[in-house]
Amino acid sequence: MARLVGGLVIGTLLTASCSFGGGATTETVLIVRPDDATSVALDVSGQTRVGQGRARAAFARNDHTIVVTTVGVYSVGDDDTITPFDTPDGVGQFRAAALSTDGEYLAVATDQPAVQWYDTTDGSLLTDHPLEPTEAVIDIVAAGPGAAPIALTGLGALQFDHPTDEVIRTSFPDGSSLAGTAGVLASGVVVVPLADSTSVWLVADGEDTTVELPVPDGNLVADVHVSPDSGLLAVTSWPGGDAFERADTISIIDPSTFEVIGSIEFDRPLDPSGWAVGLDGIAVGDGDTVVFYDRTGALDDETDPLAAELAWLTTTDEATIAIDVTGSITTWDGPDMIDEVGDGARIVGVSNQVATVTTVDHYGRIVVIDVDGAVSSEEDRFEVGELTSVAVSPLGHVAVTSTTGRIRELDSDLDEVRAWSTGTEPVRVDTVEFDPHDGTIFTGLAERTGSQAFDDTVSAWPDAPDGPAFSVGGSAEDVAGCAFFYSRVEFAPDGSWFAATSHDFSVELIDAESGTVLGSIPPQRSAILDIALIDDDRLAVSTDDSMLTVWSVETLSAPEPIASADASMGGYQALEPLADTNDLVGLDLLGKLWVIDGATGNPERSLDGAAARSTSIAVSPDGAFVAAPTDVGSIGIWSIADGTIAATHDGHVDRVTDVAYDSTGATLVSVSIDGTIVARPVG
């Protein structure tokens, strides 16, 4: 079969099963340009995943850094080489992780659910221990030298013994449960606070015991922290009753005797990430200030105000590290500031080793802080953010965008051709499209700038990584009722103009070469969910007041509404035209797929089952199938003709954000908030 796509005549010469990326089987795609008869052959083969995922946790050692991402574990050497650990397939997303105090063992909890223990010297998997459905991992705590980290579950503790490779399961005493965060002493003893009690549970080397603490009368223990040298143990406790009126006390304890040597009373609850134990006392966050107390609980000093409210506190032997809610990291020697770093990204992970503290932000950027509080290194190769949009050009190139403001173009083998950023600050690039005429990449932002304002800039990037040829929109004014915004760009078949959504509920019709606004659809009654060109002359607009309106764009300077109809509750979250028909496919708020009459806007019939709640679907070029996200990490493919689910495909470990067919319909490409790209054969 041959068809005209973006000015290219495309035919297929089938030599084996079709796919996209490397492998033994190939399909030759013949692309002929009508003007110069030049042909290009592309090789496509089996399912390929691109990307190491987004960093979730990191642990800096003397000569390497261990990075746990959404999809795996890696070692980054001093020579900047990245070596993957021996992680098994099909375990889902990697969640909690901890490193033993000597750095020899790593424990990771996965979605399977399971706990895996690794030898960090060579990245080998020591054991992959499945859990009972009721045994979800709550925390993983480092153990002492020579011992693997201990996993705390809803039922108790899991300890891995190497070299016997035995997993020792120890139940909580007397049917109790975990109260809050646990700590580890230099001896390797893990100190676990027990819920609804005054006791801590001591676990090490397959043995356990319970110790009652002399906390204030009537108080219940909550969280445990330990100083870097294990010289001080501190426990929060509270009187019980109404958690909203909780008033905490920090009891400072000698870990050799478990006797209280000091205490500090507060009139508020203390978040476990908002206080820390140093060598000589306690640091506590109070709004935008760090307050220091000595080991007896006496007030010592405080810092100058931080730039924003405190979110995280931790300590090394020589410094206190304060992280505010914007992600700015400030290190202190008492009240004296040592260093500051940060780019406005929320910190999601902090690991404290003997000589370093390692932080990971929401986008996956890693910062390592030395024992003296100075920033020693930064790693941005796992700073992929959440991938937001994907498009495939007629020549098989793939464009991908993310919440970091970064845009990547890959060739048909999924090798990177070029990458660039929209600016110096992370922003959400919400959509990406190729101009079907010349292959120029267009992007649209959806970056919140206020409670009712978004940066909705649309840019053309013919010469990337050089700056855009033009940008439109971006005024970011407040718009009453604008609680959310989706950027959408839809090209005319010949690529001469495109439609772009604005956060003021309007649609701009724009010349693709110059960026000149040729006309506009006026603001709708509510936010626009998606747009789709039914043919050269009609544009469908879905809004969240559960309406679908069809506009005539035959005269770009004066578009006119020609039909409107009620949609299902919440409106169609995604729209795509069906090739060579008058119809559309829409995905509603509940995940139901509908075939819609493009002339009237009325739904004609629904497809079987349900997709996930999503803002993306993709229709195959021949109009036979529609793909949509289903379960977490999965995609379903429906037959348009009979409405049945024809196939399902896995590949991601977290929510799929966008899907796109290549121009042959043989390959489906998807992106996810897990930071990976997956291309799979579907033809």
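Chemist: If you had to explain the side chain of Asp-119 to someone new, which residues and values would you point to?
Modeler: Looking at the element boundaries, Asp-119 is found in strand β12 (residues 114-119). Of the buried charged residues, Asp-119 lacks a salt bridge, with Arg-61 as the closest side chain of opposite charge at 11 Å. In contact with Asp-119, other than residues within four places in its own chain, are Phe-85, Glu-104, Ser-124 and Leu-126.

Chemist: Give me the lowdown on the sheet that holds strand β53 (residues 538-543), citing residues and values where you can.
Modeler: Read from one edge of the open sheet, four strands run β52-β53-β54-β55, paired in antiparallel fashion. Looking along the sheet, the strands with just one partner apiece sit at the ends: β52 (528-535) and β55 (560-566). Pairwise comparison of adjacent strand axes, ignoring direction, gives a mean angle of 20 degrees for this sheet. By the bridge criterion, six bridges tie β53 to strand β54 (residues 547-552) in an arrangement that is antiparallel. Residue pairing in the sheet places Thr-543 in a bridge with Met-547 of β54.

Chemist: Describe the pattern of salt bridges, and please don't skip the residues or the numbers.
Modeler: Within this structure, the stated rule accounts for 13 salt bridges. Among the salt bridges present, the one from Arg-169 reaches Glu-135, with a minimum N-O distance of 2.1 Å. With Arg-169 in strand β17 (residues 166-171) and Glu-135 in the loop between β13 (124-130) and β14 (137-141), this residue pair connects regions lying 34 residues apart in the sequence. Since its relative accessible area comes to 43%, Arg-169 is described here as partly exposed. Given a relative accessible area of 1%, Glu-135 falls into the buried group. Across the pair Asp-535 and Arg-538 runs a salt bridge, and its minimum N-O distance is 2.8 Å. For Asp-535, a relative accessible area of 29% gives the class partly exposed. On the basis of relative accessible area, Arg-538 is assigned to the buried category, the value being 15%. One salt-bridge network, held together by shared partners, links Arg-428, Asp-430, Arg-488 and Asp-530.

Chemist: Describe in detail the pairing of strand β59 (residues 603-606), supporting the description with residues and values.
Modeler: Alignment of strand β58 (residues 593-597) against β59, held across three bridges, turns out to be antiparallel. Bridged to Val-595 within β59 is Arg-605. Taking the residues that link successive antiparallel strands as the turn, the β58-β59 hairpin has five residues, and the phi of Gly-601 there is positive, at about 85 degrees.

Reading the values: the criteria
Counting restarts for each chain, with residues numbered from 1 along the sequence as it is written. Local features are withheld for residues below a pLDDT of 70 in this predicted model, meaning they are given only at 70 or higher, and side-chain atom pairs are given and counted only at 80 or more; totals for whole chains, interfaces and linings count all residues. Calculated side-chain values reflect all of the structure's heavy atoms, with hydrogen atoms and water omitted. The helix count covers DSSP runs of H or I at least four residues long, the strand count covers runs of E at least two residues long, and both are numbered beginning at the N terminus. When a residue's accessible area, from a 1.4 Å probe over protein chains only, is under 20% of the maximum for its type it is buried; when over 50% it is exposed; and in between it is partly exposed. The positive count covers Lys and Arg only, the negative count covers Asp and Glu only, and His and the chain ends enter neither. A pairing counts as a salt bridge when a side-chain nitrogen of Lys or Arg comes within 4 Å of a carboxyl oxygen of Asp or Glu. Any pair of residues with heavy atoms lying within 4.5 Å of one another is described as a contacting pair. Note on pairing: DSSP must find at least two bridges between two strands before they are called paired. Simply put, an axis is a line fit to the C-alpha atoms, just over the touching stretch for a helix, and the angle between two N-to-C directions goes from 0 to 180 degrees.

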